[in-house]
Amino acid sequence: MAEHPGTTSSDETVRLTTGQAVVRWLQAQWSERDGVRRRAVPAMFGIFGHGQVLGLGQALAQDGAELPLHQPKNEQAMVHTAMGFAKAARRLQTLACTASIGPGATNMLTGAATATVNRLPVLLLPADTFASRRSGVVLQQLEHPLAGDVSVNDAFRPLCRHFDRIARPEQLLSALPEAMRVLLDPAETGAVTIALHQDTLGEAADFPARFFAPRTWRVTRRPPDPLELADALALLRAARRPLAIAGGGVIHSQAEEALLAFAQRTGVPVAETSAGKGAMPPGPLALGGLGVNGTVAANRVAAEADLVVCIGTRLTDFTTGSHSIFRHPDVRFVGINVCAADAHKLSAAPLVADARVALEVLADAAPAVAPAYRDEVEAERRAWEAALAAELGGDGAGALTQGEVYSTVNAAARAGDWVIAAAGWAPGDVLKAWRVVPGSRAHLEFGFSCMAHEIPAALGVRMHEGEGGEIFVLIGDGTYLMGASELVTAGQENWKLTVVVLDNAAFGSIDALARGKTGVSVGNEFVARSDGRPLGVDYAANAESFGCSGRRAEDAGALAAALAEAREGDVTTVIHCPTAPGRPLPDSGAFWDLGVPEEAADESVRALAAAHLAERERLQRRY
Ligand SMILES: Cc1ncc(C[n+]2csc(CCOP(=O)(O)OP(=O)(O)O)c2C)c(N)n1
């Protein structure tokens, strides 16, 4: 990028407003890993209001030549877009998101939480009240009865990995570098918020010109400590039935090849978490998803594992089956993670290190498993694949099933494609049933499982990846209804997606969960209050109204044809698939602790609760 004039003399200053300084500084920031350098924040998304239209809008117009502004249709959505971009960039880049004071800012809260939970960097720049209080209570200001210095932006504090508020221009000199440090630190990253007071944004100061010189942030690969490594190797040598779990950290670290080499050299089978989907290519040692949304094969091997090597995973209760999956009486854990808090989970022997470096060292030093164990694992994998294949077909009654939709889309997937899912049946089903074609990638946001993450996140992936492969978005009708408006942005920016809407006329997964666990379901079907008739939303027509191509597919053949057409076309396609309700894929066999109603008038509810408590007693272990 062009350097700004005057960066050579150490005394030189440049007079800029706070907004102009933010815009200039962001353009000068680069990240570097493994010798490859890229812009750390190559673009900004924003919806303007009175809070930042003058201070930041003017700055972008004047100084933002290399910080293009993109317009989302909802502030929450743009944070999801930044997450998709960051996931595709393996956390080495992200986007800035700016929102106005008040509702614009609070619309970003859900996005902030989603990013932080998923350990994905996003830079949020909400406008804030008048620092000078000159204008009194500004439009959209919350007046807190007990604290004069609180604004709605304080709600970001628990949702972010770093929060700051700028009341004077010169505070940027320390605030911006600290924000970037957190964003690019693999152990600390998540949402970072810098709240910008509305009046401060327009206030000018003499900044040292050197502050705006290009700066490269090196993202290092933390090597394992020799003592921690020795402990991990001792455990691997003693293990008879080891299992590895690949989490999102494997993907962020670009450790897929190292993982495969480790597995092939040692024979240690690998199961994946949602964030780690696609870390291990399909093959003999790939057991697929682990836990509640996992495969029977992975869960059976996990049940008898005497050593679990957790790589880049947060070990949520969906992965651990609410602490019920690992049942070997003497099971031990190794935690490979750049984040020490994760490395220590389940009282693991910690190996606080970059996943790729750690796996490369372990692959050279760890022993191979016994052939008999390898055969046993292979038998489990084959049995699962046969059971899954039997379930992926139609239901014989003509209606499309969820399994048919996934298998038809999966059959259309090629190297260079992506699949994205976040809430409802889709992320669990993709974890369980989707084969990530080598050379393609998956993004399952199941840390926060935020409905309406999918389409905006897919835009972020497309923005990062450029033209080329297909980006398949698998969503339920409920999720479409919650967050389809970014389809307009897709057309506006010419970012092509292929969105498959599974229409079961309900919040189907929650409906099934409620019925399965309590016998009753309240408020989950999409029916008219007056007479219970189905709402009959036409999702294809809705998408057409946004400028997309809309298709309706009622059987697998029509879906395959629509997918082929979508690939050939150059606009976003939404394929509306009415699906048979209540036919999920084969159960993983894992336990999930939802809690129980301890009192209920209905005997059948009490019986279900008692059965759940008995399972909890039988299966759950506190390590
Ligand atoms: C923002 C948000 N609100 C609520 C939920 C809880 N929730 C999880 S899945 C789901 C239903 C999703 O319905 P749909 O998109 O139709 O998918 P289906 O369950 O039918 O597969 C709900 C309400 C959530 N995950 N995210």
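What counts and what doesn't
Residues numbered from 1 in each chain as written. Predicted model: local features only at pLDDT ≥ 70, side-chain atom pairs only at ≥ 80, totals over all residues. Heavy atoms only, no water. 1 Å grid on protein atoms, 1.4 Å probe; cavity = no way out; pocket = protein on both sides within 12 Å on 5 of 7 lines; lining within 4 Å. Points joined across faces, edges and corners; volume = space filled by probe spheres on them. Helix = DSSP H or I, 4+ residues; strand = E, 2+ residues; numbered from the N terminus. Nonpolar A, V, L, I, M, F, W, Y, C, P; charged D, E, K, R; others polar. Contact = heavy atoms within 4.5 Å. Near = heavy atom within 4 Å. Polar contact = N/O pair within 3.5 Å; in protein donor to acceptor, adjacent residues only side chain to side chain. Areas by Shrake-Rupley, 256 points an atom, 1.4 Å probe, with all protein chains shown as cover. Pairing = 2+ DSSP bridges. Buried < 20%, exposed > 50% of the residue type's maximum accessible area, 1.4 Å probe, protein only. Axes fitted to C-alpha atoms, helices over the stretch in contact; angles between N-to-C directions. Salt bridge = Lys/Arg side-chain N within 4 Å of Asp/Glu carboxyl O.

Novice: Honestly, empty space enclosed by the protein in this entry has me stumped. Any pointers?
Specialist: The probe, sized like a water molecule, is rolled over the atoms to show the empty space still left. One pass over the structure, following the stated rule, counts 3 cavities of 30 Å³ or more. Of the volumes computed, that of the largest cavity is approximately 640 Å³. Lining the largest cavity are 49 residues, with Gly 248, Gly 249, His 252, Ala 275 and Gly 312 sitting closest to its centre. Looking at the lining of the largest cavity, the elements that each hand over two or more residues are helix H6 (172-184), helix H9 (248-252), helix H12 (317-320), strand E16 (332-337) and strand E19 (441-444). With 3 residues, H9 is the largest single contributor of residues to the lining of the largest cavity. Classifying every residue of the lining of the largest cavity by side-chain character gives 20 nonpolar, 18 polar and 11 charged.

Novice: Is there a simple way to explain the environment of Leu 184 in this structure?
Specialist: Within the element layout of this structure, Leu 184 appears in helix H6. Residues Leu 184 and Arg 218 lie 34 residues apart in sequence; the distance between their C-alpha atoms is 8.5 Å. Apart from the residues within four sequence positions on either side, Leu 184 is in contact with Ser 31, Ala 40, Arg 91, Leu 92, Trp 217 and Val 219.

Novice: I'm lost on the site of the ligand in this one. Help?
Specialist: As a matter of local geometry, the ligand sits amid 15 residues, with Ser 449, Gly 478, Thr 479, Gly 508 and Ser 509 nearest to it. Interatomic distance of 2.8 Å between a side-chain N/O atom of Asn 504 and an oxygen atom of the ligand. Between Gly 508 and the ligand, the recorded distance is 2.8 Å, taken from a backbone N or O atom to an oxygen atom. Here the ligand has 580 Å² of accessible area as a free molecule, and 76% of this is covered by the chains. Looking at the shell around the ligand, the elements with two or more residues in it are helix H19 (477-482) and helix H21 (508-518). Ranked by residue count, the leading element in the shell around the ligand is H19, at 4 residues.

Novice: Would you explain the sheet that holds strand E4 (residues 44-47) in this entry?
Specialist: In any sheet, the strands associate via hydrogen bonds between backbone groups, in a parallel or an antiparallel arrangement. Strand order in this open sheet of 6 strands is E5-E4-E6-E7-E9-E8, and the pairing throughout is parallel. The open sheet has two edge strands, strand E5 (69-70) and strand E8 (162-166), and neither has a second partner. Pairing geometry for strand E7 (residues 122-128) and strand E9 (residues 191-197), over 5 bridges, is parallel. Residue pairing in the sheet places Leu 124 in a bridge with Thr 193 of E9.

Novice: What is the right way to look at the environment of Glu 465 in this model?
Specialist: Structurally, Glu 465 is set in helix H18 (residues 454-465). Judged by relative accessible area, Glu 465 falls into the partly exposed class, the value being 35%. Contact partners of Glu 465, with chain neighbours within four places excluded, come to Ala 88 and Trp 418. Within polar-contact distance, the side chain of Glu 465 engages the side chain of His 464 at 2.8 Å.

Novice: Whenever I open this one, the pairing of strand E12 (residues 242-246) confuses me. Can you help?
Specialist: Sheet faces and side chains relate simply in a regular strand, where the side chains alternate between the two faces. The buried fraction of E12 is high, at 5 of 5 residues. On E12, burial covers both faces: Pro 242, Ala 244 and Ala 246 on one face and Leu 243 and Ile 245 on the other are all buried. Pairing geometry for E12 and strand E15 (residues 307-311), over 5 bridges, is parallel. Residue pairing across strands places Ala 244 opposite Val 309, the latter belonging to E15. Looking at chain direction, E12 and strand E13 (residues 270-272) are connected through 3 bridges and run parallel. Its bridge partner being in E13, Ile 245 is matched across the sheet by Ala 271.

Novice: When you look at the sheet that holds E13 in this model, what are you seeing that I'm missing?
Specialist: Ordered in space as E14-E13-E12-E15-E16-E17, the 6 strands form an open sheet in which the pairing is parallel. Because the sheet does not close on itself, it has two edges, and the strands there are strand E14 (286-289) and strand E17 (349-352). Taken pair by pair, the neighbouring strands of this sheet meet at an average axis angle of 20 degrees, ignoring direction. Relative to E14, E13 is paired through 3 bridges, and the arrangement is parallel. The partner of Val 270 across the bridge, within E14, is Ala 286. Sheet strands touched by helix H8 (residues 226-238): E15, E16 and E17. Its angle to E17, the strand with the most contacts, is close to 130 degrees.

Novice: How do you make sense of the pattern of salt bridges when you look at a structure like this?
Specialist: Here the idea is simple: oppositely charged side chains can pair when their charged atoms come close. Going through the model one piece at a time under the given rule, you end up with 36 salt bridges. Arg 90 is the salt-bridge partner of Glu 256, the closest N and O atoms lying 2.9 Å from each other. With Glu 256 in helix H10 (residues 256-266) and Arg 90 in the loop between helix H3 (75-88) and strand E6 (96-99), this residue pair connects regions lying 166 residues apart in the sequence. Note on accessibility: Glu 256 and Arg 90 belong to one class, buried. Notably, a salt bridge pairs Lys 496 with Glu 470, separated by 2.8 Å at the nearest N-O pair. Here Glu 470 lies in the loop between H18 and strand E20 (471-476) and Lys 496 lies in the loop between helix H20 (486-493) and strand E21 (498-503), a separation of 26 residues in the sequence. Per residue, the accessibility class of Lys 496 equals that of Glu 470, and both read buried. Via salt bridges that share partners, Arg 33, Asp 34, Arg 221, Asp 354, Arg 356 and Glu 360 belong to a single interconnected network.

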